[in-house]
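Analysis of the macromolecular model
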Amino acid sequence: EAEDISNDDDDMHPAAAGMADGVHLLGFSDEILLHILSHVPSTDLILNVRHTCRKLAALCLDKSLIHTVLLQKDYQASEDKVRQLVKEIGREIQQLSMAGCYWLPGSTVEHVARCRSLVKVNLSGCHLTSLRLSKMLSALQHLRSLAIDVSPGFDASQLSSECKATLSRVRELKQTLFTPSYGVVPCCTSLEKLLLYFEILDRTREGAILSGQLMVGQSNVPHYQNLRVFYARLAPGYINQEVVRLYLAVLSDRTPQNLHAFLISVPGSFAESGATKNLLDSMARNVALDALQLPKSWLNGSSLLQHMKFNNPFYFSFSRCTLSGGHLIQQVINGGKDLRSLASLNLSGCVHCLSPDSLLRKAEDDIDSSILETLVASCCNLRHLNLSAAHHHSSEGLGRHLCQLLARLRHLRSLSLPVCSVADSAPRADRAPAQPAMHAVPRGFGKKVRVGVQSCPSPFSGQAGPQPSSVFWSLLKNLPFLEHLELIGSNFSSAMPRNEPAIRNSLPPCSRAQSVGDSEVAAIGQLAFLRHLTLAQLPSVLTGSGLVSIGLQCQQLRSLSLANLGMMGKVVYMPALSDMLKHCKRLRDLRLEQPYFSANAQFFQALSQCPSLQRLCLVSRSGTLQPDAVLAFMARCLHVVMCHLFTGESLATCKSLQQSLLRSFQAERPALNVVIFPLLHEGLTDVIRDVPLVHLDEITLFKSRVAEEPPNLWW
């Protein structure tokens, strides 16, 4: 806030004033001050900080601060603030992101038209009609990069000639489709980058079945001749596959000569057609790619990769493909060819990718460490690696464990592994079992048990902590700059999948995961730069004492996702979690998925100690909650704008609490999004469809996010 950097020493606390006599904030160089100010939200910078003193007034209008304005996740950006911001600096803004500003009405978003110098604008998640979009784009003659949503009711015939002239100059387009449509693609005759997100539901709210045939009669000749990047991500549903085929049909007729990235992310199966086969054959003959992702059915059993040409590739995703280790080495790595350019690799769900032959191997068999060794040696500059959703078991052998080999990838910044892969090859006689920090812990909170620094297993000392002989401990010691870590059970599936009823039963965890518990969790505390952590299906978490190590030592932690820790019938880690939360001063997002979870007053009191918390999601089959505790928590935590609670409570209880929260806090929190609903209720799918995509995609739905997309796909 502005008063935090005020120049008025008279109002300072005496201790602060004394410090100010030595080094005052405004005594720093302009370069340092500009760096500090770059972390202040644009609305606060222009509407508050700028009016503090003359020096800050000048610095706040520096080109480095106002040429690029980022409003996404600035949940305090109300209608009035955004309009005032545009009024004061609109003419100077060249890049503007309002992505995910779902709370702003179209009449406010329309003010973007005043930013006449805009070159890039991201309006994904904003409410815009065809007419408003037309009016806005007509005024933005310098625009070259655009991101929008295409919602039901979109009509391209309402776009003016001036709007189409602007679109003809756009080189980068990101479209999120909520209805079968080509959107503005046919108007963009100079496209070099096209990103398509298909979020179309198979049925309308009234129950009518949608069809891609609704697109018949629209212009179906998108201009792909200059295309360099084609990316399509599909939500589940037949209609999304039907519509993406219409986009691909044009590509199959004539493959752009400059195409260098071709990526299609599809859940489930997506059958090849004659048009897609022609497209792939044409790509194999005519282009050299640096990024590739294809539906699993297009790759499985084919020799396609053998014929593809790559030029300094930086991203590969073979997620859920039946790609064997032999094919990976021969067709992708080319027998150990230097792939130092590769920055991101997604092998999630590739259950055979570390074994020589997929036909003869069972999923639980040990991996062939020589394949992983070749991969690590060839792709030595990897920054993002996803090996989740598979059983990657290591056999005995000095230096041949998966963790020991991955420790050579010193540039890794994000890593996703199955829980069973970090288990030692076999129980070691010289490794003492971890001593729990608490004994006889009751279900839920029960009697309060102190879990503090003294009782917490330390990664660095004491027999109770993870020992240096642990391969997982050694792996993390060698990756000190890791920012994103996921440990996900091979058989884990969230109780709340996309566009389907809640899952009532789950598969048991892998037997090797039984040897991964509190000790290994505590080892994560070594990662001082960790910002995002996911732990799912760790059955041997006894007390959760390792969580306290993470809270104490991972001070940069921004998002935390915990699911199915310990025994499924009991929640035994709550005292440790409550002790952890008091140290998580920067935590913004918390997702908890645990059956029989008791969201009671003690839990919400502990959660209230996270002053930066913005988003909370709780998924608990047969779980309970205390409405008064939720209301008190929301009153204490002023920055929370998303509260999603899916438990075993009755529909009446859920509706009453949701209405109370909205009535109490909606006025002062414009971005507030509250969804409280019974997890196993048949109407859950209809409720989920109304959740803003930014929340649904980033926190409410569980998924592995490491190497999910190419790095820097969109600005």
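In the block above lies the structure referred to throughout.
Residues numbered from 1 in each chain as written. Predicted model: local features only at pLDDT ≥ 70, side-chain atom pairs only at ≥ 80, totals over all residues. Heavy atoms only, no water.

**A few points about the pattern of salt bridges**
Tallied over the entire structure, the rule returns 17 salt bridges. Note that glutamate 698 is salt-bridged to lysine 73, the shortest N-O span being 2.8 Å. Here glutamate 698 is found in helix 25 (residues 693–700), whereas its partner lysine 73 is found in the loop between strand 1 (68–70) and helix 6 (79–89), with 625 residues between them in sequence. The class for glutamate 698 is partly exposed, based on a relative accessible area of 32%. In this structure, arginine 615 and glutamate 698 form a salt bridge, with 2.8 Å as the shortest nitrogen-oxygen distance. With arginine 615 in strand 19 (residues 615–619) and glutamate 698 in helix 25, this residue pair connects regions lying 83 residues apart in the sequence. (Salt bridge = Lys/Arg side-chain N within 4 Å of Asp/Glu carboxyl O. Helix = DSSP H or I, 4+ residues; strand = E, 2+ residues; numbered from the N terminus. Buried < 20%, exposed > 50% of the residue type's maximum accessible area, 1.4 Å probe, protein only.)

**Thoughts on the packing of aromatic side chains**
Enumeration over the complete set of coordinates arrives at 15 aromatic pairs. Relative to tryptophan 103, the ring of tyrosine 75 lies with its centre 5.8 Å away and its plane at 50 degrees, an arrangement referred to as tilted. With a gap of 28 residues between them, tyrosine 75 in the loop between strand 1 and helix 6 and tryptophan 103 in the loop between strand 2 (95–97) and helix 7 (106–109) connect regions that are remote in the sequence. Residue classification places tryptophan 103 among the buried residues on the basis of a relative accessible area of 11%. For the ring pair phenylalanine 310 and phenylalanine 316, a centre distance of 4.9 Å and an interplane angle of 75 degrees mean the geometry is edge-to-face. Note on phenylalanine 316: relative accessible area 1%, which makes it buried. The ring of tyrosine 197 has lysine 174 lying over it, and the distance from NZ or CZ to the ring centre is 4.9 Å. (Phe/Tyr/Trp six-rings, centres within 6.5 Å; stacked < 30°, edge-to-face > 60°. Lys NZ or Arg CZ within 6 Å of the ring centre and 35° of its normal.)

**Some points on the pairing of strand 14 (residues 484–488)**
Of all 5 residues in strand 14, 5 are buried, a share of seventy percent or more. Of the two faces of strand 14, the one holding His484, Glu486 and Ile488 and the one holding Leu485 and Leu487 are both buried throughout. Alignment of strand 13 (residues 414–418) against strand 14, held across 5 bridges, turns out to be parallel. The partner of leucine 417 across the bridge, within strand 14, is leucine 487. In the sheet, strand 14 pairs with strand 15 (residues 532–538) via 5 bridges, with the strands oriented parallel. Bridge assignment links isoleucine 488 to a residue of strand 15, and that residue is alanine 536. (Pairing = 2+ DSSP bridges.)

**Remarks on the nonpolar core**
Judged by nonpolar contacts, the single largest core of 196 residues is most densely connected at Met98, Phe230, Phe262 and Leu406. Looking at which element gives the most residues to this core, the answer is helix 10 (residues 238–253), with 7 residues. Not counting the four nearest positions on each side in its chain, leucine 406 is found in contact with Leu372, Val376, Leu385, Leu387, Leu412, Leu415, Leu417, Leu475 and Leu479. Residues Met496, Ala502, Phe677 and Leu701 belong to the second largest nonpolar core, which totals 16 residues. (Core = buried A, V, L, I, M, F, W, Y, C linked by side-chain atoms within 4.5 Å. Contact = heavy atoms within 4.5 Å.)

**Overview of the packing of helix 19 (residues 545–553) against helix 20 (residues 574–581)**
Two numbers describe a pair of packed helices, the interaxial angle and the distance between the axes. Between helix 19 and helix 20, the least distance of the axes is 8 Å, while the angle of their chain directions is 5 degrees. Classified by the angle between their axes, helix 19 and helix 20 sit roughly parallel to one another. Where helix 19 abuts helix 20, its residues Ser545, Leu547, Val548, Ile550 and Gly551 lie against Ala576, Leu577, Asp579 and Met580. Classifying every residue of the contact of helix 19 with helix 20 by side-chain character gives 6 nonpolar, 2 polar and 1 charged. (Axes fitted to C-alpha atoms, helices over the stretch in contact; angles between N-to-C directions. Parallel < 35°, antiparallel > 145°, perpendicular 65-115°, else oblique. Nonpolar A, V, L, I, M, F, W, Y, C, P; charged D, E, K, R; others polar.)

**Remarks on helix 10**
In this model helix 10 runs 23 Å from its N-terminal to its C-terminal C-alpha over 16 residues, within 8% of the 22 Å that 1.5 Å per residue would give. Of all the bends in helix 10, the largest measures some 30 degrees and sits at tyrosine 247. Residues Ile239, Asn240, Gln241, Glu242, Val243, Val244, Tyr247, Leu248, Val250, Leu251 and Ser252 constitute the buried set of helix 10. Looking at the buried side of helix 10, the elements it contacts are strand 5 (172–177), strand 6 (193–198), strand 7 (229–234), strand 8 (261–265), helix 11 (274–286) and helix 12 (296–299). (Expected span 1.5 Å × (residues − 1). Bend = angle between axes of the 7 residues up to and from the residue.)

**Focus on the packing of helix 22 (residues 627–636) against helix 23 (residues 651–665)**
The N-to-C vectors of helix 22 and helix 23 enclose an angle of 20 degrees; their axes lie 10 Å apart at closest approach. Judged by the angle between their axes, helix 22 and helix 23 are roughly parallel. As helix 22 packs across helix 23, the resulting crossing turns out to be right-handed. When helix 22 is examined against helix 23, the residues Pro627, Val630, Leu631, Met634 and Ala635 are found in contact with a partner set consisting of Thr653, Leu657, Ser660, Leu661, Ser664 and Phe665. Looking at side-chain class alone, the contact of helix 22 with helix 23 contains 8 nonpolar, 3 polar and no charged residues. (Left-handed = near helix turned anticlockwise from the far one by under 90°.)

**Here we look at helix 20**
Judged by how many residues are buried, helix 20 sits mostly within the fold: 8 of 8 residues are covered. Buried within helix 20 are the following residues: Met574, Pro575, Ala576, Leu577, Ser578, Asp579, Met580 and Leu581. Residues of helix 20 that are buried in the fold lie against helix 19, strand 16 (559–565), strand 17 (589–593) and helix 21 (601–607).

**Some thoughts on the environment of leucine 123**
In this fold, leucine 123 is placed in the loop between strand 3 (120–122) and helix 8 (130–138). Among the residues examined, leucine 123 registers a relative accessible area of 1% and is labelled buried. In this structure the C-alpha to C-alpha distance between leucine 123 and alanine 147, which are 24 residues apart in sequence, comes to 5.4 Å.

**A few points about the environment of valine 250**
Within the element layout of this structure, valine 250 appears in helix 10. Separated by 26 residues in the primary sequence, valine 250 and tyrosine 224 place their C-alpha atoms 7.9 Å from one another.

**Digging into the side chain of aspartate 149**
Its place among the elements puts aspartate 149 in strand 4 (residues 145–150). Nearest to the buried, unbridged aspartate 149 among oppositely charged side chains is lysine 174, at 7.6 Å. (Lys, Arg positive; Asp, Glu negative; His and termini not counted.)

**Some thoughts on the environment of valine 674**
Within the secondary structure, valine 674 sits in strand 22 (residues 673–678). As for valine 674 and valine 691, which are separated by 17 residues in sequence, their C-alpha atoms are 8.9 Å apart. Discounting chain neighbours no more than four positions away, the residues touching valine 674 are Cys643, Gln658, Leu661 and Leu662.

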